[in-house]
Amino acid sequence: MKEFFLKINEDQGNSLLIKHIQYNVAKRVVNLKYSKYRRVDVIFDCTHDGIDIDWNDIKTARIICGISCEIIPFLREENIIKEVYAAIYKCLTKLWDSNGWNFDEINNIFADIANENYKSWFIYGKTLLSPDRKLKAYFFCDLHPSFANYHVQILSKKNELIRNILFLKGQPDLLVFFLFFKNYYWVDSDNFVLSDINREIFYVFNITSGVSVEYKPLYNSIEDCKNYVKAFEYNTTISDRLKLLNIM
């Protein structure tokens, strides 16, 4: 399985509050080699009863899952988070059953999630070696209903943590951020860089001094570039984000 998505039907704002669950499940189910799905969507719907597989052609699947409207305001609470995980488990076992697959790996996945106390973390993208091949860098994110902490972790060749650099307390949908800030590379053996699609905004991660943000406007003003950074902060609303990104 390559992609796994969760959302609450016609509710973009509250769908963000379950993104931490999406990524926590996704990082596990994508490793199931026998599953050839390109994408599986689980859609929670307050107007729906039960669980129904709306589409399944073994390449993509869409599952509609009934959910109580009464829990929507409480998606940040621990007991409700556990309820959402339980509902996803039922959705996936129903999908597995429809394919005649054994549940053992699904059972193991959700047992591991419970053993980790439902804490969500995700490693985004590839691990990159420094030019001198002595260090590695990757993006590590710990996720919560209302925000995600974005880190760069720098390791030795023996996988010893050299530096953990927190560079953003951002919105919880990692894909939205990393599709905009999509370029990352080592400049030299001391500096790792993340830049936006236009290569105008640069997060520079130095193994000694930490993180700095540099602006080199090419197509936009420096004010626009700073607005783009602000757009991804955790306390920026969806509508404000779109305005800051000049989308509306």
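Keep in mind that this is a model prediction, so the values were computed, not measured.

1. Regarding the environment of Ala114
Okay, so step 1: Relative to the assigned elements, Ala114 resides in helix 4 (residues 104-115).
Okay, so step 2: Linking Ala114 and Tyr85, residues 29 residues apart in sequence, is a C-alpha distance of 9.3 Å.

2. Thoughts on the packing of aromatic side chains
Okay, so step 1: Counting across every chain of the model gives 32 aromatic pairs.
Okay, so step 2: Relative to Trp101, the ring of Trp96 has its centre 5.0 Å away and its plane inclined at 85°; by these criteria the two rings are edge-to-face.
Okay, so step 3: A cation over an aromatic ring shows up here: Lys216 above the ring of Phe202, its NZ or CZ 5.3 Å from the ring centre.

3. Here's the deal with the packing of helix 2 (residues 19-29) against helix 3 (residues 78-99)
Pairs of packed helices are described in terms of their axes, by the angle between the two and the distance that separates them.
Okay, so step 1: Contact geometry for helix 2 and helix 3: axes closest at 11 Å, N-to-C directions at 40°. In terms of their interaxial angle, helix 2 and helix 3 are classed as oblique. Crossing handedness for the pair helix 2 and helix 3: right-handed. Between helix 2 and helix 3, the residues in contact are His20, Ile21, Asn24, Val25 and Val29 and Ile81, Val84, Tyr85, Ile88 and Leu92, respectively.
Okay, so step 2: Residues of the contact of helix 2 with helix 3, tallied by class, amount to 8 nonpolar, 2 polar and no charged.

4. Section: the environment of Trp96
Okay, so step 1: Inspection of the secondary structure puts Trp96 in helix 3.
Okay, so step 2: On the basis of relative accessibility, which here comes to 0%, the residue Trp96 falls in the buried class.
Okay, so step 3: In the structure, Trp96 is positioned 61 residues away from Ser35 in sequence and 9.6 Å away in space, judged by C-alpha atoms.
Okay, so step 4: Here Trp96 is in contact with Met1, Leu32, Tyr34, Trp101, Asn102, Phe103 and Ile106, once residues within four sequence places are set aside.

5. A short note on helix 2
Okay, so step 1: Most of helix 2 sits inside the fold, with 11 of its 11 residues counted as buried.
Okay, so step 2: Three or more residues of helix 2 are buried, namely Lys19, His20, Ile21, Gln22, Tyr23, Asn24, Val25, Ala26, Lys27, Arg28 and Val29.

6. Section: the sheet that holds strand 11 (residues 201-206)
Okay, so step 1: With antiparallel pairing, 4 strands are arranged side by side in an open sheet as 9-10-11-12. Strands with a single pairing partner mark the edges of an open sheet, and in this sheet they are strand 9 (183-188) and strand 12 (210-215). Here the strands of the sheet are splayed against their neighbours by 25° on average, with no regard to which way each runs.
Okay, so step 2: Strand direction decides the pairing type here: strand 9 and strand 10 (residues 191-195), joined by 5 bridges, are antiparallel. Bridge pairing links Asn183 to Ser195 in strand 10.

7. Concerning the side chain of Asn99
Okay, so step 1: Relative to the helices and strands, Asn99 resides in helix 3.
Okay, so step 2: Polar side-chain contacts of Asn99 include one of 2.8 Å to the side chain of Tyr37.
Okay, so step 3: In this structure the side chain of Asn99 is engaged in a polar contact, spanning 3.2 Å, whose partner is the side chain of Asn56.
Okay, so step 4: Look past the residues within four positions of Asn99 in its chain and what remains in contact with it is Tyr37, Asn56 and Ile58.

8. Some details on the side chain of Ser195
Okay, so step 1: Tracing the backbone shows Ser195 in strand 10.
Okay, so step 2: Take Ser195: its relative accessible area is 0%, and that puts it in the buried class.
Okay, so step 3: The residues touching Ser195, leaving out its near neighbours within four places in the chain, are Phe180, Phe181, Lys182, Asn183, Tyr185, Ile201 and Phe202.

9. Topic: the sheet that holds strand 8 (residues 161-170)
Okay, so step 1: Sheet architecture is open: 4 strands sit in the order 5-6-7-8, paired in antiparallel fashion. Each edge of the sheet is formed by a strand with only one pairing partner; in this case those strands are strand 5 (120-129) and strand 8. Sheet twist, expressed as the average angle between the axes of neighbouring strands with direction ignored, equals 20°.
Okay, so step 2: As paired elements, strand 6 (residues 135-143) and strand 7 (residues 148-156) share 9 bridges and run antiparallel to each other. From the neighbouring strand, Phe139 faces strand 7, where its bridge partner is Val152.

10. So, the packing of helix 2 against helix 4
Okay, so step 1: Relative to each other, helix 2 and helix 4 sit at 135°, their axes nearing to 10 Å. When the interaxial angle is binned, helix 2 and helix 4 end up oblique. Once helix 2 is placed against helix 4, the crossing between them reads as right-handed. Along its contact with helix 2, which presents Asn24, Val25, Arg28 and Val29, the element helix 4 presents Ile109, Phe110, Asp112 and Ile113.
Okay, so step 2: Residue composition of the contact of helix 2 with helix 4, grouped by class: 5 nonpolar, 1 polar and 2 charged.

Cut-offs used in this document
Numbering of residues begins from 1 in every chain and follows the order in which that chain's sequence is written. Where local features are concerned, this predicted model is filtered to residues with pLDDT of at least 70; where side-chain atom pairs are given and counted, the filter is 80 or more; whole-chain, interface and lining totals use all residues. Note that the side-chain values use all heavy atoms of the structure and ignore hydrogens as well as water. Helix and strand assignments follow DSSP, with helices taken as H or I runs no shorter than four residues and strands as E runs no shorter than two, numbered in order from the N terminus. Pairing of aromatic side chains here covers Phe, Tyr and the six-membered ring of Trp, requires ring centres within 6.5 Å, and sorts the geometry by plane angle: under 30 degrees stacked, over 60 edge-to-face, intermediate tilted. Only lysine NZ and arginine CZ atoms are considered, and such an atom sits over a ring when it is within 6 Å of the ring centre and within 35 degrees of the ring normal. Inter-axis angles, ranging from 0 to 180 degrees, are taken between N-to-C directions of lines fitted to C-alpha atoms, where helices are fitted over the stretch in contact. Reported orientations rely on four angle classes, namely roughly parallel under 35 degrees, roughly antiparallel over 145, roughly perpendicular from 65 to 115, and oblique for the rest. Crossings are classed by handedness, with left-handed meaning an anticlockwise turn of the near helix from the far one by less than a right angle and right-handed meaning a clockwise turn. What makes two residues a contact is simply this: any of their non-hydrogen atoms within 4.5 Å. Charged residues are taken to be Asp, Glu, Lys and Arg, nonpolar residues to be Ala, Val, Leu, Ile, Met, Phe, Trp, Tyr, Cys and Pro, and polar residues to be all remaining types, Gly included. Think of it in three bands: with a 1.4 Å probe and only protein chains considered, a residue is buried below 20% of the maximum accessible area for its type, exposed above 50%, and partly exposed in between. Between any two strands, pairing holds if DSSP finds at least two bridges. Any N or O atom pair separated by 3.5 Å or less is treated as a polar contact, with the protein-specific requirement of one donor-capable and one acceptor-capable atom, and with residues adjacent in sequence counted only for side-chain atom pairs.

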